[in-house]
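Given next are the chains, with one letter for each unit.
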Amino acid sequence: MRNPNSSTLASWAGLVVTLVVISLSTSALAQQPSEPSATKPNIVIFVADDMGWGDSATYGNELIQTPNMDRLASEGVKFTQCYSACGVCSPSRSAILTGRTPYRNGVWRHLSGVHDAHLRASEITYPELLKEIGYETCHVGKWHLNSRQQFNNPDFPQPGDHGFDYWMITHNNASPSHENPDNFVRNGEPVGQLTGYSAQLVASEATRWLKEIHDPSKPFAMSVWVHEPHSPIATDSRFEALYDGHKNSKYMGNITQMDNALGMVMDALDAQGDSDNTLLFFTSDNGPVPGFGGVTGGLRGHKRSDHEGGIRVPGLARWPGHIPAGTTSDVPVVGTDVFATILDIVDIPLPTDRTIDGVSMLPAFAGQPVQRSVPLFWRTHVSSGDNRVAMRIGDWKIVGNDTLTEFQLYEIQKDWKEENDLATKMPEKTDEMKNILLQVWNDIKTEGPNQWWESERQKPSRGATLSY
C-alpha cells in the first residue's frame, strides 16, 4: 500500500491504535491453515441493485418475504452495519472488484451516459489474481463499469480484460424491463431477447455455468449481479401475488423475485456439492429509491445520499466451518473489503504499488473489529450539496458538503438515524475528523484520474456547487 506521509494521516494511524482492534495476525480465523490449491474455497458475490437496508424480512421488514436471505443469515453472519462504497451503483461495483475507493480507481460516477470514465485496464481485480492461481471465473448480470459508448467495445476493457473467463452481462439496466430483457451480451455476442424475468435468467445462467461449463476440478469465483429492484421494475405474477391488494405489491414482489434468484444460486451450490467450500457474500450496491417503493428501515437519506440510507445496505456472509452460523455482527464493513477478504482467504498478498482501501473481513465474520489504515470514506457525485462526502472512524461519522466547507458530526453507533448533529457541540472532535477527511480526500485526488471528474460537464445536483 502506498503510505501517505501526511502528519494528519499519521495522527489517524495513531487513532487506530487507540481503538479496540484485533489484527489479522491474531485472529483465529486468519490462522486457518492454507489449503491445497485444488481445495481452495470458491467465491460467490451476489449483488442486488438499489435494495435498501429495510427491504427484507431479514432486516426487519414485516411485509416483504425473503426466505433465502433468511436462510443465508441463519447459516452465516448478518452484518447490521454493512456499507456500499458509494450512494450509486457503478462506483460501488468498481470498489468490490478492486478494493479501492471509487475516485481512486476512476469509476467516480454512474456510467449510464457517454463519459470517459470506465474501469481501467490498469486496475487490479480479484478475478485477475485468482486466475493466476488456477481459479475459473464467471460474471453474470449487470456490469455497468463502462460508459455507454464503451460497452462491448473492444477498444475498452470488458469483463474478460478484468479477469472473467465467462460472462453474460448488460451494460446497465435490464431492457426494456426485468421482463423478457433483450440487451444481454454473452462473451461479446448479443444474446437477443430472452423469455422470463431478469433475476431468474441471471441465476439460471449462473447455474448453467456451474453445471455445464465450469471444470469441477478447479476452484471458481462467480459474480451474480442481478438487476432487481432497480427500475424499470417488472415482477412475475407469482411473486406479486404474495402481496395482493397492497399498493406496493410490485416492488415488494420484486424483492422476493430477487430473493428467489438467490435461492436458485444456493440450490445450485448444494446440487454441485460446493456449498461447504464456498464463501457466499450477499449485498446491495447502494440504498433504495423511495419513489419506487424502497425503504431504508428508518435510516436518513436514500440512494444518492451519503447519509446512512444511501450507503448502509444488507450484508450476509456464509462460509461453513469458518463463519459461525446464525450470528450477527455490528462491525462496520464495506463492499471495498471484498477484494482484501478474498485475497486473505486464498493467501494472495495485497498489491503494494497502489493504495488498497479495503481490509479483510475475516475478523468481522466472527464479530471482531477490523484494523483500517484508511478510514471508511464516501463521495457521491449526485448527492445533494450538503452531504457530498462522508467518513467514519469507529463510532464517529463526519458528513461534509460538496465544497468541504460545512460539516455535520454524528455518533453513528448510537445515533444511527443521524438525528443529532454534534458539530457545533463538539468543535474539537469535528475539527479532528475534518482534518483527517481533508487529507484522505487530497490523497485520493493525487492517486485517482482527477481529470475525469474535474472536466465533468453535468450540472451540479440540487443545492450543490460542484458536479463531482
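Everything numeric in this text was worked out from a predicted model, so none of it was measured. (Residues numbered from 1 in each chain as written. Predicted model: local features only at pLDDT ≥ 70, side-chain atom pairs only at ≥ 80, totals over all residues. Heavy atoms only, no water.)

Topic: the packing of aromatic side chains
Here the structure, examined in full by the defined rule, presents 13 aromatic pairs. Taking 6.2 Å as the distance between ring centres and 45° as the angle between the ring planes, the aromatic pair formed by phenylalanine 79 and phenylalanine 365 counts as tilted. Highlighted residues: phenylalanine 79 in strand S2 (residues 77-83) and phenylalanine 365 in helix H11 (residues 362-365), separated in sequence by 286 residues. You'll find phenylalanine 79 and phenylalanine 365 in the same group, each marked buried. Seen in terms of ring centroids, tryptophan 143 and phenylalanine 164 are 6.2 Å apart; in terms of plane orientation they differ by 90°. Their pairing is edge-to-face. (Phe/Tyr/Trp six-rings, centres within 6.5 Å; stacked < 30°, edge-to-face > 60°. Helix = DSSP H or I, 4+ residues; strand = E, 2+ residues; numbered from the N terminus. Buried < 20%, exposed > 50% of the residue type's maximum accessible area, 1.4 Å probe, protein only.)

Overview of the pattern of salt bridges
For the coordinates displayed, the defined rule picks out 28 salt bridges. Between lysine 142 and aspartate 49 there is a salt bridge, with the nearest N and O atoms lying 2.7 Å from each other. Taken together, the residues lysine 142 in strand S3 (residues 136-142) and aspartate 49 in the loop between strand S1 (42-48) and helix H2 (67-74) connect sequence positions 93 residues apart. Across the pair aspartate 165 and lysine 131 runs a salt bridge, and its minimum N-O distance is 2.4 Å. Of this pair, aspartate 165 sits in the loop between S3 and strand S4 (166-170) while lysine 131 sits in helix H5 (residues 126-131), and the two are 34 residues apart along the sequence. Classification of aspartate 165 by relative accessible area gives partly exposed; the value is 37%. According to the relative accessible area criterion, lysine 131 is partly exposed, its value standing at 36%. Bridged by salt links that share partners, the residues Arg100, Arg104, Arg120, Glu123, Asp357, Asp443 and Glu447 form one connected network. (Salt bridge = Lys/Arg side-chain N within 4 Å of Asp/Glu carboxyl O.)

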